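Chain residues, written in single-letter form:
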Amino acid sequence: MIQLLLLIIEFFKIGLFAIGGGLATLPFLYDLTVTHPDWVNRSQLLDMVAISESTPGALGVNMATYVGNIIAGPLGGVATTIGLVMPSVIIIVIVAKFLERFKDSPIVQNVFYGIRPASIGLIMAAAFVVIKEALMDIPLFSETGSFTDLFRIKSIIFGIILYIGMVKFKKHPILYIAIAAVVGNIIAF
Amino acid sequence: MKELLELYWVFCKMGAVCFGGGYAMLPIIQAEIVDKRGWATSEEIMDYYAIGQCTPGVIAVNTSTFIGNKRAGIPGAIAATAGFVTPSVIIIMIISSLLKNFAHITYVERAFSGIRICVAVLIINATVKLWKSAVKDKIGLVICLGVFLLSAFTPLSPVIFVVLSGFAGYFICKWKGASE
C-alpha cells in the first residue's frame, strides 16, 4: 500500500515536470533507475520503450504502466498511470476554465491568431520526424553516400497508395492501419 | 451519466487504435470527434494541441482531458482520460507479464514496419486537412513555416514557439487594429 502511494507520488512528479509529450518522460524514467535501483533497471527500460512503441496508446502512459507493472504488479501499473495523468487533468481543467471565460476577449483571440499556425507548424515538425523514420534510410545513406539509398522506395510507393486511398475513400484511420499491418507482414518494409 | 459513459467508451476506442502517441491521435480525433460527432471544431483541436504541448504531461491525455471537459465538465475530463488510458493499461499488463519479447516477434516487427508508414501518411493527411483552419493569411503562413523549420532543425522546446507566436499574434493584431 505504501509502495503504491510512493509510485503515485513519483509518477505525479514525472507527469508534472515532463513538458512536451510522452518522450519527455523518458529522461525522468532513466532517473528512476538511479534514485530507485530496486524498482527498475536500464535494460528493463529498453524493453519498455520497445513495447510501448509497438502497442496502441500514448507513449508516456504505456511506459508508466509498464514500469509500474514491473515494480508492483497490475496494481502498480494502475498506480503509476493515475499518478502520471493526474497533473495533466488538473492543469488542463484549470486552463480550460480560464479559456472558456476569456475566449471571447480580443486579447485571447489575438493570441490564438498567432498560436494556431504555430501549432500546425509543430505538428508538421513531428510529422517530419515520423516521415524521416518511415520513408528514409539515413543510416544507410550516411554509410554509402548514394542518394538512391536515402529513400525507401517500397515504403514511399506504399505510402502514396495509402494516401490516395485515404483521400478517395475517407474511411476510418483504423482500417488503413490494419491494412498496413497486413501488408507489412507480406512485404516486410 | 449516459454522457459520461459515452465519453469513456469513445475515448477507450480511440486509445485502442492510436498507434504512435499524441500526434498519431490527430487523424483519429479528426475522424471520431470532429467529423463523426461534432464534439469540437478543427480550430479547437489546434488550440488544444498548442496548449497540450506547453503544459506538462502526455499530449494525448491533455487533449482527451480538454475534449472531455468541454463536453461534460470535470467528470467528463476524468471519463475521457480514463477511457483513453484503459486499453494501454490492459494491453501493457498482459504483454509485460506474458510476452516480454513482444516487440521482437517477427509478425509484430513486420506489422509495425507497415504501420509506421501508415501513421506517417495519416498524420500528413490530417495536417493537410487542418491547414485550412489554421493558416488563413500570409502572416499565418510565415509563423507556420518558421515554427516548422525551427522546430524540425533545432533542439528548441515547443514551449518557446507557442509562447512567442502567442505574443506575435497579440502584437500583430494590435498593430493591424491601430493602422485600420
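Residues numbered from 1 in each chain as written. Chains lettered and ligands numbered in written order. Predicted model: local features only at pLDDT ≥ 70, side-chain atom pairs only at ≥ 80, totals over all residues. Heavy atoms only, no water.

1. Regarding the interface of chain B and chain A
- On the side of chain A, 78 residues touch chain B, which itself brings 95 residues to the contact.
- For the pairing of chain B and chain A, the buried interface totals around 7,600 Å² over both sides, and the portion due to carbon and sulfur atoms is 78%.
- Looking at the side of chain B facing chain A, the largest losses of area belong to B:Pro56, B:Ile92 and B:Ile117, adding up to 9% of the total buried there.
- Taken together, the connections running from chain B to chain A amount to one salt bridge.
- The shortest N-O distance in the salt bridge between A:Arg116 and B:Asp47 comes to 2.7 Å.
- Taken together, chain B and chain A are joined by 15 residue pairs in polar contact (both at pLDDT 80 or more).
- It is helix α5 (residues 106-134) of chain B that contributes the most residues to the side of chain B that touches chain A, 23 residues altogether.
- Each residue belonging to the side of chain B that touches chain A can be placed in one class, and the counts come to 65 nonpolar, 22 polar and eight charged. (Contact = heavy atoms within 4.5 Å. Buried area = accessible area lost by both parts, 1.4 Å probe. Salt bridge = Lys/Arg side-chain N within 4 Å of Asp/Glu carboxyl O. Polar contact = N/O pair within 3.5 Å; in protein donor to acceptor, adjacent residues only side chain to side chain. Helix = DSSP H or I, 4+ residues; strand = E, 2+ residues; numbered from the N terminus. Nonpolar A, V, L, I, M, F, W, Y, C, P; charged D, E, K, R; others polar.)

2. Quick word on the domain arrangement of chain A
- Assigned domains within chain A: domain 1 (2-102) and domain 2 (136-187).
- Its C-alpha centre places domain 1 of chain A at a distance of 31 Å from the equivalent point of domain 2 of chain A. (Domains from an automatic or database assignment.)

3. Thoughts on the packing of aromatic side chains
- The tally for this structure, following the rule as stated, stands at nine aromatic pairs over all chains.
- Ring centres of B:Phe19 and B:Phe112 lie 5.6 Å apart, and the angle between their planes is 65°; this geometry places the pair in the edge-to-face category. With B:Phe19 in the loop between α1 (2-17) and α2 (21-37) and B:Phe112 in helix α5, this residue pair connects regions lying 93 residues apart in the sequence.
- Residue classification places B:Phe112 among the buried residues on the basis of a relative accessible area of 10%.
- Judged by centre distance (4.3 Å) and plane angle (10°), the rings of B:Tyr48 and B:Phe66 are stacked. You can see B:Tyr48 sitting in helix α3 (residues 42-54) and its partner B:Phe66 sitting in helix α4 (residues 59-98), a full 18 residues away along the chain.
- An aromatic cluster is built from A:Phe128, B:Phe148 and B:Phe153, whose rings are joined through pairwise contacts.
- The ring of B:Trp39 is capped by B:Arg37, whose NZ or CZ atom sits 5.6 Å from the centre of that ring. (Phe/Tyr/Trp six-rings, centres within 6.5 Å; stacked < 30°, edge-to-face > 60°. Buried < 20%, exposed > 50% of the residue type's maximum accessible area, 1.4 Å probe, protein only. Lys NZ or Arg CZ within 6 Å of the ring centre and 35° of its normal.)

4. Things to note about the packing of α3(B) against α5(B)
Residues and elements named next belong to chain B.
- At their nearest, the axes of α3 and α5 sit 9 Å apart, and the two run at 100° to each other. One finds that α3 runs roughly perpendicular with respect to α5. Residues Ser42, Glu43 and Met46 of α3 pack against Leu130, Ser133 and Ala134 of α5.
- Its residues placed into classes, the contact of α3 with α5 shows three nonpolar, two polar and one charged. (Axes fitted to C-alpha atoms, helices over the stretch in contact; angles between N-to-C directions. Parallel < 35°, antiparallel > 145°, perpendicular 65-115°, else oblique.)

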